[in-house]
Amino acid sequence: MTAWMRPARLAPAVLLVLAVALWALSLRGIDLAKMSDLGLVSVLPASAYLALAILCLSFAVTAGSKSPSVPLLALHVATLIVLVYGVTAMIEHLPRFNVVYRIAGYTEYIARTGSVDPRLDAYFSWPGLFAVTAMVDTMARTSGVLDYAAWAPVVFNLLYVAPLVMLFESFTRDARVIWLGVWIFFLINWVGQDYFSPQGLNLLFYLGLVAILVRWFMRYPALSLRPSRRQQPWLSRLRRVAADQVRAMAHSRSQLALVVVILVTFVGIVMSHPLTPFFAIVTVGALVVFRRTTLPWLPFVMVIVNVVWILTMAQPFLAGHPSMVFGTLFNVGGNVGAGVTDRVQGSFDHRTVLFVRIALSAFVWAAALAGWLVARRSSRVDITPILLMVAPFLLIPLQAYGGEMFLRVFLFTLAPASFLLARLILAGSQVSWSRGGITLAASLLLLGAFLVARFGNERIDYITPSEFAGVRHLYDSAPPGSLLVATGYVPWQFRDFEKYRYGVLDETTIARLDVAGVQRIMRSGGPRVQSYFLYTRSANAEIDMFQGTPRQPPGLVGTGSLDRLVAKMLSSGKFKLQFQNSDCKILVPASTS
Amino acid sequence: MTPRLPGAVPIAATSAVAGIVGVLAPLNPTLRAGFLVAFVATGPGFGLTGLIEVRGIAARWTVAIVTSLAIALIISTILVMARVWWPPLVYGLLMAATLGGALAQAVVIWSGRRGAEGMNQQGPP
């Protein structure tokens, strides 16, 4: 009997095929228009959940077996990524998330002009991803990023697998823990920064850099000398190396080459994202402080490289937006509020989604800490994973990052947290069925929360062909120099980035249904500038979800506010419809010829 | 330095083929972009890091992928910032890194085998 014909391997393989087939059948006929504020989970059929449950069962059977097959575990992880992270690409016609359209605009600008203009947008100071993509688009003769951006989450997450495995291999030799950790990573990565974005690429760079550092440049301060606990101060105890630590030392010439790889990777990070360099610096700094790396000079070099870039290439942005950069410095309360409490508002369903996100994140961090403590008691894990998990928190006092700092911190703690969670799940379970049972229960719990947390904004994030047709009509009809006004949550700026001016409708104007206020914004471009008001389905959904409550106090934005404002604009006689389809309206001042 | 990455040469070569298909093949543009992305994400990395002593599949792919993407990104960014942006130049440099690196590895492997065969032919002293 060949290895694959054994029941322990055949059963998961059959279950895997069954899950994929059932998933494919489930996605037929999903009506996205019926989606509630709970997001994608509100329109997925029961058979889709059954397919994912079968996948979890199959993984649990594989991971729980006496000698788990690594290729089979890897196949499960790849299947999970394609099914779950690719679901929106499978059921939606266009790339989701309005920011992707703006990123398409950056790339189109570089491909068309061969340059960047940091005065136009902050991201032109960190153009790395857009520059590479512009090359790909030009050489492949695509019509732009939007041709393939829908599949970015699948590609990015598949790319994360190798550094994750490499990192976890540095912590333990137990293949079961390694692959359960990787599996968990993809069950809790709800933040959704893996869309076609610099952050998606930079998480890969960050994971790669940390994995290389931990694998080949680890320092083992107390290998031969391990005095008793009483004799050591707490810091020395923390610095002690675990018994299960994998020790890998590269050849000296290879080490030099790997240092070059680390530096090249960091330069790539610095050129393509404003935030990730800081996460990399604090993480490497923590490894240096706790004497966990043989490269104590590395954080200093990283700081110098980043400062040089900011003071030279990103200087125009820095000069133009000092309050954005320094305004939230050391404002711990404000930064925490911007990232957590200020966000908890909107419709009941949306607040439910937010609660699930907060609960899932808190659970992951708490369980990871428990996992480390449990593993630490048996000296089966080093301090390094907990260092990697704690270090990103150091950035919270420094920046609110537009209220997203907590999300980013969660993202950068995901890898070590997943590993420690896997340690906790497998701690103490020696029997196959027990291991499999706990793995299945944990997988189903995390997957359920993940689906709500990750796709909870889908009603806003998905873009319909009608919406996009409307926005394309806008660019086809509006002459360059025109002022385009909307709420901001619209799929625009994907072409001719520098040729148009943009105005964003503020909350007060929407709340008061202030037609005169809209007129003021649309005249702000000057008397000779043509202006256009853009209304889309996703913009309306955003107002309803983020601001809407059934009993809206007067004067505040509420459910249907944007609809009512547009109706009032039209009935006022001061605006007229220039274009309309099922998901988009374009209004212009009535005086426009 | 003995190459520890025997698979790197065929992977780099396959990646280079993907890069050529991505530019020249009469395919759907999205498919061409897919081939080009595969080339950019792996080719230069496997070309340049093949001689580094790296053990383990995950480690090999990690080093190659981050190197590949970082190099592509750095070259592209420098050309854009310096206002000498020319996509064929970026593509050519990445292809040169891939093929040049693979060729260098092949030479090192070949000369290493020749050396080993010579040692075997000498027999025990």
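The rules we used
- Residues numbered from 1 in each chain as written.
- Chains lettered and ligands numbered in written order.
- Predicted model: local features only at pLDDT ≥ 70, side-chain atom pairs only at ≥ 80, totals over all residues.
- Heavy atoms only, no water.
- Helix = DSSP H or I, 4+ residues; strand = E, 2+ residues; numbered from the N terminus.
- Buried < 20%, exposed > 50% of the residue type's maximum accessible area, 1.4 Å probe, protein only.
- Contact = heavy atoms within 4.5 Å.
- Areas by Shrake-Rupley, 256 points an atom, 1.4 Å probe, with all protein chains shown as cover.
- Pairing = 2+ DSSP bridges.
- Axes fitted to C-alpha atoms, helices over the stretch in contact; angles between N-to-C directions.
- Buried area = accessible area lost by both parts, 1.4 Å probe.
- Salt bridge = Lys/Arg side-chain N within 4 Å of Asp/Glu carboxyl O.
- Polar contact = N/O pair within 3.5 Å; in protein donor to acceptor, adjacent residues only side chain to side chain.
- Nonpolar A, V, L, I, M, F, W, Y, C, P; charged D, E, K, R; others polar.
- Core = buried A, V, L, I, M, F, W, Y, C linked by side-chain atoms within 4.5 Å.
- Phe/Tyr/Trp six-rings, centres within 6.5 Å; stacked < 30°, edge-to-face > 60°.
- Expected span 1.5 Å × (residues − 1).
- Arc of directions from axis to C-beta.
- pLDDT = per-residue confidence, 0-100.
- Patch = residues over 30% accessible without salt bridge, like charges linked within 9 Å, V, L, I, M, F, W, Y side chains within 5 Å.

Engineer: Hey, could you run me through the overall build of chain A in this one?
Structural biologist: Across its full length, chain A holds 26 helices and 5 strands. With 593 residues in all, chain A has 60% of them scored as buried. When contacts within chain A are restricted to residue pairs at least 6 apart in sequence, long-range pairs at least 24 apart make up 75% of them. For chain A, the computed accessible surface area is about 23100 Å², with 64% contributed by carbon and sulfur atoms.

Engineer: Please clarify how the overall build of chain B should be interpreted in this entry.
Structural biologist: When its secondary structure is counted, chain B shows 4 helices and 0 strands. Across chain B, helices and strands are ordered from the amino to the carboxyl terminus as α-α-α-α. Looking at chain B as a whole, 48% of its 125 residues are labelled buried. Nonlocal contacts in chain B, meaning residues at least 24 apart in sequence, comprise 63% of its contacts between residues at least 6 apart.

Engineer: Sorry if this is basic, but what is going on with the environment of L83 of chain A here?
Structural biologist: All names here are of chain A. Following the sequence through the fold, L83 ends up in helix α3 (residues 70–85). As for L83 and A48, which are separated by 35 residues in sequence, their C-alpha atoms are 10.0 Å apart. With residues up to four places along the chain from it excluded, the contact list for L83 reads W23, L52, L55 and M90.

Engineer: Before we go on, may I ask you to explain the sheet that holds strand β5 (residues 584–589) of chain A in this structure?
Structural biologist: The strands that make up a sheet are held in pairs by hydrogen bonds between backbone atoms, and each pair lies either parallel or antiparallel. Residues and elements named next belong to chain A. Spatial ordering of the open sheet is given by β2-β1-β3-β5-β4, a layout of 5 strands whose pairing is mixed. With one partner strand each, in any of the chains shown, β2 (501–504) and β4 (575–581) form the two edges of the open sheet. Adjacent strand axes in the sheet meet at a mean angle of 25°, parallel and antiparallel pairs treated alike. Relative to strand β3 (residues 531–536), strand β1 (residues 483–486) runs parallel, the two being bridged by 3 bridges. Following the sheet pairing, L483 is matched in β3 by S531.

Engineer: How should I be thinking about unusual backbone geometry in this particular structure?
Structural biologist: If a residue is not glycine, its phi is most likely negative; likewise, a peptide bond is most likely trans. Residues and elements named next belong to chain A. At F97, a position not held by glycine, the phi torsion is positive, near 80°. With respect to the helices, strands and loops of the structure, F97 is situated in the loop between α4 (87–91) and α5 (98–113). Of note in this structure, Q493 is not a glycine but carries a positive phi near 65°. In this structure, Q493 sits in the loop between β1 and β2. Judged by its relative accessible area of 11%, Q493 falls in the buried class.

Engineer: I'm lost on the interface of chain B and chain A in this one. Help?
Structural biologist: Interface size is commonly expressed as the accessible surface area that is lost when the partners come together. Residue-level contacts link 41 residues of chain B with 49 residues of chain A. Between chain B and chain A lies a buried interface of about 3700 Å² when both sides are counted; carbon and sulfur atoms form 80% of it. Among the residues chain B hides against chain A, the three largest losses belong to L73, M81 and W85 of chain B. Together they make up 16% of the total. Joining chain B to chain A, the criterion identifies 0 salt bridges. Here chain B is connected to chain A by 3 residue pairs in polar contact (both at pLDDT 80 or more). Every element with two or more residues in the side of chain B that touches chain A is listed here: α1 (8–24), α2 (29–49), α3 (57–81) and α4 (87–122) of chain B. Looking at the side of chain B that touches chain A, the element that brings in the most residues is α3 of chain B, giving 19 residues. Taken together, the residues of the side of chain B that touches chain A sort by class into 30 nonpolar, 7 polar and 4 charged.

Engineer: What am I meant to see in the pairing of β1 of chain A here?
Structural biologist: Each regular strand displays side chains that alternate between the two surfaces of the sheet. Residue and element names in this part refer to chain A. Along β1, one buried face is formed by L483 and V485 and the opposite face, lined by L484 and A486, is buried too. Pairing analysis gives 4 bridges linking β1 to β2, with the strands arranged parallel. Counted as the bridge partner of L483 is R501 from β2.

Engineer: Help me understand the nonpolar core in this model?
Structural biologist: The nonpolar side chains of soluble globular proteins are, as a tendency, buried together. Grouped together as the largest cluster of nonpolar side chains are 228 residues, with contacts concentrated most on F186, I212 and F533 of chain A. When residues of this core are assigned to their parent elements, the largest contribution, 16 residues, is made by helix α19 (residues 405–426) of chain A. With 6 residues, the next largest nonpolar core counts A8, V9, A12 and A64 of chain B among its residues.

Engineer: Hey, could you run me through the packing of aromatic side chains in this one?
Structural biologist: The geometry of two aromatic rings is summed up by the distance between their centres and the angle between their planes. All names here are of chain A. Summed over the entire model, instances satisfying the criterion amount to 32 aromatic pairs over all chains. For the ring pair Y101 and F494, a centre distance of 6.4 Å and an interplane angle of 70° mean the geometry is edge-to-face. Linking Y101 in helix α5 with F494 in the loop between β1 and β2, this pair joins segments that are 393 residues apart in sequence. The pair formed by Y101 and F494 is uniform in burial state, with each residue classed as buried. Between the aromatic rings of W365 and F406, the centroid separation amounts to 6.5 Å while the plane-to-plane angle is 55°, which identifies the pairing as tilted.

Engineer: What exactly am I supposed to notice about helix α22 (residues 465–477) of chain A here?
Structural biologist: At 3.6 residues per turn, the α-helix brings residues three or four places apart onto the same side. Residues and elements named next belong to chain A. With 13 residues, α22 extends 18 Å between its outermost C-alpha atoms, agreeing within 8% with the 18 Å of an ideal straight helix rising 1.5 Å per residue. Listing the buried residues of α22 in full gives E467, F468, G470, V471, L474 and Y475. Taken down its axis, α22 places every buried residue within 155° of arc, on the same side.

Engineer: I'm lost on the confidence of the model for chain A in this one. Help?
Structural biologist: When pLDDT is low, close inspection of the predicted coordinates is not appropriate. All names here are of chain A. Across chain A, the average pLDDT comes to 87, with 85% of residues at 70 or higher. A low-confidence stretch, residues 222–228 (pLDDT under 50), is modelled with 6 contacts involving residues beyond four sequence positions or located in other chains. In this model residues 241–246 is a low-confidence stretch, pLDDT under 50, and it forms 30 contacts with partners more than four residues away in sequence or in other chains.

Engineer: Whenever I open this one, helix α8 (residues 175–188) of chain A confuses me. Can you help?
Structural biologist: Residues and elements named next belong to chain A. Compared with an ideal rise of 1.5 Å per residue, which puts 14 residues at 20 Å, α8 spans 20 Å between its outermost C-alpha atoms and is within 8% of the ideal. Burial analysis of α8 places 13 of its 14 residues in the buried class, the great majority of the element. One side-chain oxygen of the residue at the start of α8 lies 3.0 Å from the amide nitrogen of R176, identifying that residue as D174.

Engineer: Can you help me understand the environment of L48 of chain B in this one?
Structural biologist: Residue and element names in this part refer to chain B. Within the element layout of this structure, L48 appears in helix α2. With 53 residues separating them along the chain, L48 and G101 place their C-alpha atoms 5.0 Å apart. Excluding anything up to four places from it in sequence, L48 contacts I71 and A97.

Engineer: Whenever I open this one, the pattern of salt bridges confuses me. Can you help?
Structural biologist: Close approach of charged atoms lets side chains of opposite charge pair. All names here are of chain A. Taken as a whole, this structure holds 16 salt bridges over all chains when the rule is applied. Residues D37 and R459 are paired through a salt bridge, measuring 2.3 Å at the closest nitrogen-oxygen approach. With a gap of 422 residues between them, D37 in the loop between α1 (7–26) and α2 (46–64) and R459 in helix α21 (residues 458–461) connect regions that are remote in the sequence. For the pair shown, D37 and R459 are each scored as buried.

Engineer: Help me understand the pairing of β4 of chain A in this model?
Structural biologist: All names here are of chain A. In the sheet, β4 pairs with β5 via 6 bridges, with the strands oriented antiparallel. Of the residues in β5, the one forming a bridge with F575 is P589. With antiparallel pairing between neighbouring strands as the criterion, β4 and β5 make up a hairpin whose turn holds 2 residues.

Engineer: Where do I start with a nonpolar patch on the surface in this structure?
Structural biologist: On the surface, V82, M90, W151, V155 and L158 of chain A cluster together into a nonpolar patch covering about 390 Å² of accessible area. Assessed through its relative accessible area of 39%, W151 of chain A is described here as partly exposed.

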